[in-house]
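Notes for the structure review
Here's the letter readout for the chains.
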Amino acid sequence: MKAIILAAGDGERLAPITQTLPKALLPIGSETVLSRQIRQLAAIGVTEIILVIGYEGEAIRAHVATADLPCSLSFVENRDFMTTSTACSAWLAAEKVRGQAFYLLDGDVVARDDVFAAFGAAAGNALFYEPKSISSPEEMKVAVQGEAVFLHKKIDNARSLGEFVGVARFSAEAGESFFAALANRRNGYYEEALNDIAAEHVFSLHEVEPDAWIEIDFVTDYLQAVRLFAEKREAAAPAISEQVLLCPGPVMVSKKVKSALLHADIGHRETEFIEILTRCRAKLNKAFGAQGNEYTNVIITGSGTSANEALLSSYGPGRKLLFLSNGEFGDRLADLARCHGLTFRLLEFGWTNSIDLAKVEQEIAGGGYDALMMVHHETSTGMLNPISEVGALLAKHGVDFLVDSVSSLGAERLSVEEAKITFCTASANKALASLPGLAFVCGKRTAFEALKGRKAHTRYLDLYRHYEFEELRFQTPNTPAVSLFYALETALDELLHDTLEQRMCHYGQLSSLIRGRLRELGMMFPIREEEMSRVLTTVFYPEGLDVEGFHDWVKQHNYVIYRGKGPLLGRAFQIANIGHVREEHVRSFLDLMERGLERSRTGSRGRAAAAAAATL
Ligand SMILES: Cc1ncc(COP(=O)(O)O)c(C=O)c1O
């Protein structure tokens, strides 16, 4: 049996660590990616390997020349590797395998030995894939229609079965048709030629487990490959976290978002930064649901609180404000106002209680307020507050509307236009699924302009100054966290590509899974399910639970959940499904949680859910 390995690409996205080293020669413990593939292919009976090289081909030749090879090896050179892709590389190898069955393998795939054993056990035409839901537009997805198997990056998420692992087995007949199809489309990926022959040749599909393989596209993939597959893990693997974050921020982000940090160094007063700032602001406006030109936004280097503080310390002085609160983050708004000596009233509804619109209207009607500020998604309880209704009410009374959407932007339906919002704040590291360190204030242009000449209580967070710099000079007033803008733009691209609708649907499915299982276990929620956001579930601990023991046990298994705050401390915990959380994460967490609850039932430190609910 023969195998073709495609190793011609330049692995551009790995340049920060590889410099000029081709991907195939990256070390995984004591082996390179290539020597590992050769060993594993020989172990499943491959006697001849055809290696398609291009980028740094000489280095690859030199590497194998010194190796003790377990099978014979020949080279095919793709001289146009810079302008072509895998279709051309595969086509160039055609003559070497004509008339025989063969394997075709991407040169950047690292997998466990047992995965290769499964390749060896397959017969006829076979394709390998990992069943999973995919949000990144980078991955090659698999779909079936009747008996035909299709591969494409653009397959609809609803149709996708998972990710193609980059290994195929061809019978001699299918190989013949495949090369004929490649001859017509030498500029793309070889997977497209597989689609061309899908109706004619049936390929069996074989599942590969998560973490049993990895394709090294990005630096993070390489680190993961070393962690998973190098023999001397401790020595070889950089110590990076393997935790699954099921807390409401910071959240897990996609590989692409992390990799975006590895951009070229740029000066923040140069065209390159002007460009990225301008693109981020334009995309951010879309995320805030601003279609027209009425709204604009500023990006501040800081956490979500910096956006709230910029807004309140700039807009608030000399005005009368009303805050609504039904949890920690509503209270924090009033705390900021207190800190800046603002004139305000705090209308408290009590943690876990919903906002009473009649009371709000009554207060607004007689209160002489300039503005009302509230939290959209009260993260401390997971309750989604009715901003559209409040917005409509305020519009009637001519009162400005300020909204903290720090934990809802990107997860819940929110349009500054529709909700008639004057200013809306948010941050990068929650449902936008980017990294912490950037916060935003989106507002009506007229409202930003009206800040001119007013005395802000802070300098660094003076909102008009940010507006003036970003809107009129296309720069930031001070040194921004430049790299985070690259991560933000990537995260915004992913959101706009997926669409908010799809994200809402994905988050809704995950939270339904979580809530369904909690209900099955007889656990109780402090708020009604209809009032919950789709990204966060707050649930009472069952009666008689060693609360800290449970939390530690979950953490030891690398899942991070959140302890309740304020009146929920010690009584409830929170499970978030925000950011780059996949269904596998949620399902394995729920199984783990069930075992954790079982073993932590001591009766000593927990509280009765009903008693807890009664005292809230
Ligand atoms: C609704 C809400 N507002 C404000 C904040 C404060 O954000 P940060 O901790 O990023 O300053 C949070 C944080 O969780 C939040 O959930």
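Worth saying up front: this structure is predicted, and the values here are computed from it rather than measured.

A few words now on the environment of A172. Secondary-structure assignment places A172 in helix α7 (residues 172-184). Residues A172 and Q100 lie 72 residues apart in sequence; the distance between their C-alpha atoms is 4.4 Å. With near-sequence residues (within four places) excluded, A172 lies in contact with G99, Q100 and A101.

Moving on, we come to the pairing of strand β21 (residues 400-404). A regular strand places its side chains on the two faces of the sheet in alternate fashion. Of all five residues in β21, five are buried; the element is thus mostly enclosed. Side chains D400, L402 and D404 project from β21 onto one buried face, and the interleaved F401 and V403 project onto a second face that is buried too. The pairing of strand β18 (residues 371-375) with β21 spans five bridges and is classified as parallel. When the sheet's bridge partners are listed, M374 is paired in β21 with V403. As paired elements, β21 and strand β22 (residues 423-427) share three bridges and run parallel to each other. When the bridges of β22 are listed, D404 appears paired with T425.

This next bit is on the confidence of the model for the protein. Averaged over every residue, the pLDDT of the protein is 92; the share at 70 or more is 95%. Counted against residues more than four places away or in other chains, residues 233-241, with its pLDDT under 50, gives nine contacts.

This paragraph deals with the pairing of strand β6 (residues 102-106). Burial within β6 is extensive, with five of its five residues counted as buried. Judged by which residues are buried, β6 turns out to be covered on both faces: F102, L104 and D106 on one side and Y103 and L105 on the other are all buried. The sheet contact formed by strand β1 (residues 2-7) and β6 spans five bridges and is parallel. Across the sheet, I4 pairs through a bridge with L104, a residue of β6. Bridge count between β6 and strand β11 (residues 162-170): four bridges; the pairing is antiparallel. Bridge pairing in β11 places Y103 opposite R169.

Another aspect to go through is the site of the ligand. The immediate surroundings of the ligand are formed by G249, S303, G304, T305, F329, V375, T379, D404, V406, S407 and S427. Its residues assigned to classes, the shell around the ligand comprises three nonpolar, seven polar and one charged.

With that settled, consider unusual backbone geometry. The omega torsion of the bond from G249 to P250 falls at -5°, within 30 degrees of zero and hence cis. On the secondary structure map, P250 appears in the loop between β14 (244-245) and α11 (255-259). The phi dihedral of F474 falls on the positive side, at around 60°, and the residue is not glycine. Assignment of secondary structure puts F474 in the loop between α18 (463-473) and α19 (482-498). With a phi angle near 75°, T499 is a residue other than glycine that sits in the positive phi range. Along the chain, the position of T499 falls in the loop between α19 and α20 (500-520).

This next bit is on α19. Along its 17 residues, α19 runs 25 Å from first to last C-alpha, staying within 8% of the 24 Å computed at 1.5 Å per residue. Those residues of α19 lying buried are L484, F485, Y486, A487, L488, E489, T490, A491, L492, E494 and L495. Against the buried residues of α19 lie α11, α12 (271-287), β23 (438-444) and α20.

Under the domain assignment, the protein is made up of domain 1 (2-233), domain 2 (258-496) and domain 3 (500-615). Computed from C-alpha atoms alone, the centre-to-centre distance between domain 1 and domain 2 is 46 Å. Of the residues lining the interface, six residues belong to domain 1; the matching set on domain 2 comes to four residues. Its residues placed into classes, the side of domain 1 that touches domain 2 shows three nonpolar, two polar and one charged.

What counts as what
Per chain, residues are indexed from 1 in the order of the written sequence. Totals for whole chains, interfaces and linings use every residue, but because this is a predicted model, local features are given only for residues with pLDDT of at least 70 and side-chain atom pairs only at 80 or more, for both listing and counting. Helix numbers and strand numbers start at the N terminus; a helix is a DSSP run of H or I with at least 4 residues, a strand a run of E with at least 2. Remark: residues whose backbone-derived C-beta atoms lie within 7 Å of one another are considered to be in contact. The exposure label follows from counting other C-beta atoms within 10 Å of a residue's C-beta, where the C-beta atoms are placed from the backbone and the thresholds are 20 or more for buried and 12 or fewer for exposed, leaving partly exposed in between. Note on pairing: two strands pair once DSSP finds at least 2 bridges between them. Here pLDDT means the predictor's own confidence in every residue, given as a number from 0 to 100. The criterion for a residue being near a molecule or strand is a backbone-placed C-beta atom within 6 Å of that molecule or strand. Gly counts as polar in this scheme, as do all residues outside two lists: the nonpolar Ala, Val, Leu, Ile, Met, Phe, Trp, Tyr, Cys and Pro, and the charged Asp, Glu, Lys and Arg. How far a helix is expected to stretch is found by multiplying one less than its residue total by 1.5 Å. Domain delimitation in this document rests on an assignment produced automatically or drawn from a domain database.

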